[in-house]
Amino acid sequence: MVRFLLVSNLSHSSMLLRKVNVFARGYKRLISPRAPDGAKRVKISYGPYLLPAGGMTTRLLRGGKAPCSNCYITGMEAGLEYQDGSIANIDTGSWLHHMVMTQGTNGVVFASGNERTPMRLNDVGKYGIRTMGNQPIGAMIELMSEGTQTRNVMLTMEFEYLDNAAAQALGYKNIDMKWQDVGTPPAREGVYSFKTRPSPVLRSGKLIFADGHEHDAGTHMNVYVNNKVVCKSTMLYGRRPGYTSAMGAGHADKRDGAMGMHISDASVCKDFGTVKTGDRIHVEAFYDTNAYPLMMHKGKPEALMGISRIYIAYDGMM
Ligand SMILES: [Cu+2]
């Protein structure tokens, strides 16, 4: 909440600077050393998946290894690697275009775009995704190649978790996710936005975590409760190594200030308010092709997206 207000009250030029600071303060990659409450960390690789040169491929993961059983999953971060363990990203032609992750009876628990936004649920309180017994991991994985070589890639998942029986898990609560998605509208030039239809929350609770996922030319996503903005997720371009197209890849464009930069980060909101039974949540995805060029594949703009995952700790959930 505070983070959003800081951004919205500044003029455009200082806003750009502020975005970087907001990003630096509000953002902890899971590779950072401190997992709250002594949560254990495990990295699991799924695959390999064949990614044809210049192609687009969708793969389904079924019955994937779970990080833990009878536990709370408190953190998740997706990645993409080549089989030698090196990072597969835009600079070498491989995109984790997007993935949606399910876990057994918990249903959809996570999603990621190529920006690979990390999620930690327990740095603002004792929250996690409760896993009863052993619940296998499933995923829909969409991969894109802008490279000239066919490669094998692995989907990697960094998990943080607490065993139910661990002393540190005392007082932990299960968390639920509300999925908000504008679909896949066709790309076009200009300044425009897409909204979801407001959807009521069935119980009162706390808003613990939200992020946004857009494709290139996306500027930000808002989350609204009863038409009031409660979270703004800003898209940041080329802020980390790997997020700039290789020279000659054909995506250089003057509009993003430096050649060939793509979305590398999306800011997140944490502990950003409460909801009451019947409150209506919707999201809006904003695009501006004057600010950033569209994502291209085989010379054509890719369809757009606007997804927010809103993690809510409902009152009375254990
Ligand atoms: Cu996407």
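Everything that follows concerns the structure shown earlier in this document.
Here goes a summary of the coordinates provided. In every chain, residue numbers begin from 1 and rise along the written sequence. This being a predicted model, a pLDDT of at least 70 is required before a residue's local features are given, and a value of 80 or more before pairs of side-chain atoms are given or counted; all residues contribute to the totals for chains, interfaces and linings. In computing side-chain properties, one takes all heavy atoms of the structure into account and sets aside hydrogens as well as water.

Turning next to the packing of aromatic side chains. Ring geometry is summarised as follows: Phe, Tyr and Trp rings, the Trp one being its six-membered ring, pair when their centres sit within 6.5 Å, and such pairs are stacked at plane angles under 30 degrees, edge-to-face over 60 and tilted between the two. A complete count under the given rule lists 6 aromatic pairs for this structure. Ring geometry for Tyr192 against Tyr287: centres 6.0 Å apart, planes inclined by 15°, an arrangement best described as stacked. Residue Tyr192 is found in strand S12 (residues 191–195), and its partner Tyr287 is found in strand S20 (residues 280–288); the two are separated by 95 residues along the sequence. When accessible area is computed with a 1.4 Å probe and restricted to protein chains, residues below 20% of their type maximum are described as buried, those above 50% as exposed, and intermediate ones as partly exposed. Take Tyr287: its relative accessible area is 1%, and that puts it in the buried class. On the basis of an interplanar angle of 5° and a centroid distance of 3.6 Å, the ring pair of Tyr237 and Tyr292 is categorised as stacked. Helix and strand definitions here come from DSSP, where helices need a minimum of 4 consecutive H or I residues and strands a minimum of 2 consecutive E residues; each element is numbered from the N-terminal end.

Each salt bridge in this description consists of a side-chain nitrogen of Lys or Arg and a carboxyl oxygen of Asp or Glu lying within 4 Å of one another. Within this structure, the stated rule accounts for 9 salt bridges. Across the salt bridge formed by Asp37 and Lys126, the nearest N and O atoms sit 3.3 Å from each other. Of this pair, Asp37 sits in the loop between helix H2 (12–26) and strand S1 (40–51) while Lys126 sits in the loop between strand S6 (119–120) and strand S7 (127–131), and the two are 89 residues apart along the sequence. Judged by relative accessible area, which is 29%, Asp37 ranks as partly exposed. Measuring nitrogen to oxygen at the nearest pair gives 2.8 Å for the salt bridge that ties Glu160 to Arg120. Here the residue Glu160 occupies a position in strand S9 (residues 151–163), and Arg120 occupies one in strand S6, the gap between them amounting to 40 residues. Here the salt bridges do not stand alone but share partners, grouping Arg41, Arg120 and Glu160 into one network.

At least two bridges found by DSSP between two strands is the condition for calling them paired. Reading across from one edge, S2-S8-S4-S5 is the order of the 4 strands in this open sheet, with antiparallel pairing throughout. Taken across any chain shown, the strands that pair with only one partner, and hence form the sheet edges, are strand S2 (56–64) and strand S5 (107–113). Taken over all neighbouring pairs, the strand axes of this sheet differ in orientation by 15° on average, direction set aside. Pairing analysis gives 6 bridges linking strand S4 (residues 94–103) to S5, with the strands arranged antiparallel. When the sheet's bridge partners are listed, Thr102 is paired in S5 with Val108. An axis is simply a line fitted to the C-alpha atoms; with a helix, the fit covers only the stretch in contact. Between two such axes, the angle follows the N-to-C directions and lies from 0 to 180 degrees.

Turning our attention to the pairing of strand S15 (residues 218–225). Counting buried positions along S15 gives 8 out of 8 residues, so the element sits mostly inside the fold. Sheet topology places S15 next to S20; 7 bridges connect them, and they run antiparallel. Among the inter-strand pairings, Asn222 is bridged to a residue of S20, identified as Glu284. As paired strands, S15 and strand S16 (residues 228–237) are joined by 6 bridges and run antiparallel to one another. Of the residues in S16, the one forming a bridge with Met221 is Ser233. Taking the residues that link successive antiparallel strands as the turn, the S15-S16 hairpin has 2 residues, and the phi of Asn226 there is positive, at about 50°.

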